[in-house]
Amino acid sequence: MIILHKATIVTGEKEAVGSIIIEEGRISDILYADADDYDFRVGKYIEDADAEVWQLEGKHVMAGGIDAHVHFREPGLTHKADMATESRAAVSGGVTTVFDMPNTNPPTITAGALKEKMQLAEGRSVAKTGFHIGATNSNADSICNLIVNGDEGCGVKAEDIPGVKVFMGSSTGNMLVDQKNSLERLFQISEKPILVHCEDEQTIKENLAAAQEKYGDDIPFAEHEHIRSRRACIKSSIKALEMAMKHGTKLVLCHISTKEEIEMVRAAKTNNPDITAETSCNYLWFSNEDYERAGSLVKCNPSIKTAEDRQALRNALAEGLIDTIGSDHAPHLLSEKEGIYTKAPSGLPSIQQSLPVLVTIAREEGIPLTRITSAFSEKASEIYGLKRGKIRRGYDADLVIFDMNKEFIVRAEDQQSKCGWTPYEGVRLKGYIEAVLIDGKAVIRDGKLTV
Ligand code: DOR
Ligand code: ZN
Ligand code: ZN
């Protein structure tokens, strides 16, 4: 038995001092210090011969993050990253569950490819790991069958699959779904969430052609914001939201990056409350002012927009219009990032900064930690129907313990990701992570990986 004693416990409802009792990998009791019988009840647990008491006065405890949007690159792209390295980066950022995206090589578009990934994760991934199935223009029928019945031959059960990923704009991996009948069929799926990358292909093509006309091969990275423009996002997101309203889809609008999309989500949710919005820390932290300094290192899709968009996203996080945070952790090698605009791949490694970036923003903006934990894990726990991601009796003891007052500077040499760099290098963050538990076992203790 472990007793997380006198920590500040953060749930979606409240932030209050108390003790969490962990037995057999699960949360078995939660005692709050303001209860009349607190000393008596916690005393009983402490007397237990098996009790290991962690004294946590002044430290915060939250459910470990559920990050439903990562690109861990395995199989096929393991020169950039793999499940062993990236899952270590994940837990170092307070994330205990990850769902990987299908743009690997081969892409995860069949039960067989999904099973291969499950086997690759076995015994190597430090975090709890699941795999989204990827849609194409031609696999909608087989996906619909797979997510209901599983695939006995391949050994994949329906419940092994967290969600269906649909690229409504192409990004790394060429997985564009652009045929109307395929999209209509996919949006009729009611059993699982549909996660959508929205950027209008035609708009991007036209913008790129115009930039090439103007700059030739050497397009400045600051143009990324105008090539992968806000209009491309808005146009595609409108389409996704309209279809989700028509069919009642459990839509996860991934990585929203503009203030307009926030307002669109607000309106759409009144019609279909199963619509949820995700953003990533990258859009909450960086702005177009960073292109000049960091160039390709902040090139991701959708592009990072203006400081005004960033502020609107922070406000939406505070308000609860942003439901979930997905890191969109997308490692590429620095050597790959060194190319010119059209060659440098899009995507940023970011998962190791997840919780510290969020709590730093929370302090800057006066956002209560109750909102942070909701977006970091609780809402995803509900969307994906998991018995973890909340500090509740009976839930898995996947927890993160951090020190709000301890600041640290992000350094490249501390990064666990195989790619070995971070766009947050040199940034001072709050919320130093002291310990991370998965099923009640420490994977981080005293700020260091134990695995
Ligand atoms: O910037 C991005 N990188 N956006 C995506 O949609 C894919 C990702 C990747 O896999 O590199
Ligand atoms: Zn995406
Ligand atoms: Zn992504």
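What you see as residue numbers is a count from 1 along each chain, following the sequence as written. Written order determines the labels here, with chains lettered from A and ligands numbered from 1. For this predicted model, a pLDDT threshold of at least 70 governs which residues receive local features, and a threshold of 80 or more governs which side-chain atom pairs are given and counted, while totals over whole chains, interfaces and linings are taken from all residues. Water and hydrogen atoms were dropped before computing side-chain values, which therefore reflect all heavy atoms in the structure.

Some remarks on the overall build of the protein
Logical step 1: If you tally the helices and strands in the protein, you get 15 helices and 20 strands.
Logical step 2: Radius of gyration here uses only the C-alpha atoms, and the compact-globule reference equals 2.2 Å multiplied by the residue count raised to the power 0.38. For the protein, the C-alpha radius of gyration of 21 Å lies close to 22 Å, the compact-globule estimate for 451 residues.
Logical step 3: Taken over the C-alpha atoms alone, the protein extends approximately 75 × 50 × 45 Å along its principal axes.
Logical step 4: The 451 residues of the protein split such that 61% are buried. Secondary structure is summarised from DSSP: a helix means a run of H or I of at least four residues, a strand means a run of E of at least two, and numbering begins at the N terminus for each. Think of it in three bands: with a 1.4 Å probe and only protein chains considered, a residue is buried below 20% of the maximum accessible area for its type, exposed above 50%, and partly exposed in between.

Quick word on the coordination of the zinc ion (ligand 3)
Logical step 1: With water omitted from the atoms examined, metal sites may look incomplete; donors here are N, O and S atoms no farther than 2.8 Å from the metal, or 3.2 Å in the case of Na, K and Ca. The coordination sphere of the zinc ion (ligand 3) contains the protein donors His-69 (NE2), His-71 (NE2) and Asp-328 (OD), at a distance range of 2.0 to 2.1 Å.
Logical step 2: Here the donor residues of the zinc ion (ligand 3) share one chain and are spaced in sequence as H-x1-H-x256-D.
Logical step 3: A gap of 3.4 Å separates the zinc ion (ligand 3) and the zinc ion (ligand 2). Of this pair, His-69 sits in strand 6 (residues 65-70) while Asp-328 sits in the loop between strand 14 (324-325) and helix 13 (334-337), placing them 259 residues apart in sequence. Here His-69 matches Asp-328 in class, with each residue buried.

Considerations on the sheet that holds strand 8 (residues 128-131)
Logical step 1: Here, any two strands with at least 2 DSSP bridges between them count as paired. Read from one edge of the open sheet, three strands run 6-7-8, paired in parallel fashion. Pairing within the sheet leaves two strands with one partner each, and these edge strands are strand 6 and strand 8. The mean angle between the axes of side-by-side strands here comes to 20 degrees, regardless of whether they run parallel or antiparallel.
Logical step 2: Sheet topology places strand 6 next to strand 7 (residues 95-100); four bridges connect them, and they run parallel. Each residue of the ladder has a partner; that of Ile-66, found in strand 7, is Thr-97. Fitted lines through C-alpha atoms serve as axes, helices being fitted only where they are in contact, and the angles separating the N-to-C directions of these axes extend from 0 to 180 degrees.

A few points about the coordination of the zinc ion (ligand 2)
Logical step 1: The coordination sphere of the zinc ion (ligand 2) contains the protein donors His-197 (ND1) and His-255 (NE2), at a distance range of 2.1 Å.
Logical step 2: A relative accessible area of 1% means that His-197 is categorised as buried.

Some points on the nonpolar core
Logical step 1: As used here, the term nonpolar core means buried Ala, Val, Leu, Ile, Met, Phe, Trp, Tyr and Cys residues forming a set that is joined through side-chain atoms within 4.5 Å. In this structure, Val-164, Val-166 and Ile-372 are the most contacted members of the largest nonpolar core, which totals 93 residues.
Logical step 2: If one sorts the elements of this core by residue count, helix 14 (residues 354-365) sits on top with six residues.
Logical step 3: By size, the runner-up hydrophobic cluster in this structure holds 20 residues, among which are Ile-22, Tyr-32, Ala-397 and Leu-399.

Structural notes on the site of ligand 1
Logical step 1: Working definition: residue near molecule or strand if any one of its non-hydrogen atoms lies within 4 Å of it. Surrounding ligand 1, one finds 13 residues, the nearest of these being Arg-73, Asn-103, Ser-171, Asn-301 and His-332.
Logical step 2: Within 3.5 Å is the distance limit for a polar contact, defined as a pair of N or O atoms, with the added protein rule that one can donate a hydrogen and the other accept it, and that residues adjacent in sequence qualify only through two side-chain atoms. Taking Asn-103, its side chain carries an N or O atom lying 2.8 Å from an oxygen atom of ligand 1.
Logical step 3: Contact distances for ligand 1 include 3.0 Å between a nitrogen atom and a backbone N or O atom of Ser-346.
Logical step 4: Using a 1.4 Å probe, the Shrake-Rupley method yields the accessible areas, and only the shown protein chains count as cover for residues. Protein chains bury 100% of the 290 Å² of accessible surface belonging to ligand 1 in isolation.
Logical step 5: Any residue that is not Ala, Val, Leu, Ile, Met, Phe, Trp, Tyr, Cys, Pro, Asp, Glu, Lys or Arg is counted as polar, Gly included; the first ten are nonpolar and the last four charged. A class-by-class count of the residues in the shell around ligand 1 yields three nonpolar, nine polar and one charged.

Details of the packing of aromatic side chains
Logical step 1: Classification of ring pairs rests on two measures: the distance between centres of Phe, Tyr or Trp rings, Trp counted by its six-membered ring, which must be within 6.5 Å, and the angle between planes, read as stacked under 30 degrees, edge-to-face over 60 and tilted in between. Using the criterion set out here, one finds five aromatic pairs in the structure.
Logical step 2: Aromatic side chains Trp-285 and Tyr-424 sit 6.3 Å apart centroid to centroid with 55 degrees between the ring planes, which places their arrangement in the tilted category. Here Tyr-424 lies in the loop between strand 16 (408-409) and strand 17 (428-429) and Trp-285 lies in helix 10 (residues 281-285), a separation of 139 residues in the sequence.
Logical step 3: Members of the aromatic cluster, connected to one another through ring pairs, are Trp-285, Phe-286 and Tyr-424.
Logical step 4: A cation sits over an aromatic face here: Lys-14 above Tyr-32, 3.7 Å from the ring centre. Lysine NZ or arginine CZ positioned within 6 Å of the ring centre and within 35 degrees of the ring normal marks a charge as sitting over the ring.

A few points about the environment of Gly-130
Logical step 1: Looking at the element boundaries, Gly-130 is found in strand 8.
Logical step 2: We classify Gly-130 as buried; its relative accessible area is 7%.
Logical step 3: Between the alpha carbons of Gly-130 and Met-101 there is a distance of 9.2 Å; along the sequence they are 29 residues apart.
Logical step 4: Excluding residues that lie within four positions of it along the chain, Gly-130 makes contacts with Val-98, Phe-99, Asp-100 and Pro-162. Between two residues, a contact is recorded if the distance between any of their heavy atoms is within 4.5 Å.

Here's the deal with the pairing of strand 10 (residues 164-167)
Logical step 1: Burial of the side chains of strand 10 extends over both faces: Val-164 and Val-166 are buried on one face and Lys-165 and Phe-167 on the other.
Logical step 2: Summarising the sheet, strand 9 (residues 133-134) and strand 10 pair through two bridges and their orientation is parallel. In the sheet register, Ile-133 faces strand 10, and the bridge partner there is Val-164.
Logical step 3: With respect to chirality, the unit in which strand 9 leads through helix 4 (residues 140-149) into the neighbouring parallel strand 10 is right-handed.
Logical step 4: Pairing of strand 10 with strand 11 (residues 194-197), which is carried by four bridges, proceeds in the parallel orientation. Residue pairing in the sheet places Phe-167 in a bridge with His-197 of strand 11.
Logical step 5: As for the winding sense of the linkage, the β-α-β connection from strand 10 through helix 5 (residues 180-187) to strand 11 is right-handed. The handedness of a crossover follows from its direction of travel: if, with the strands pointing away from the viewer, the path from the first strand over the helix to the second runs clockwise, the crossover is right-handed.

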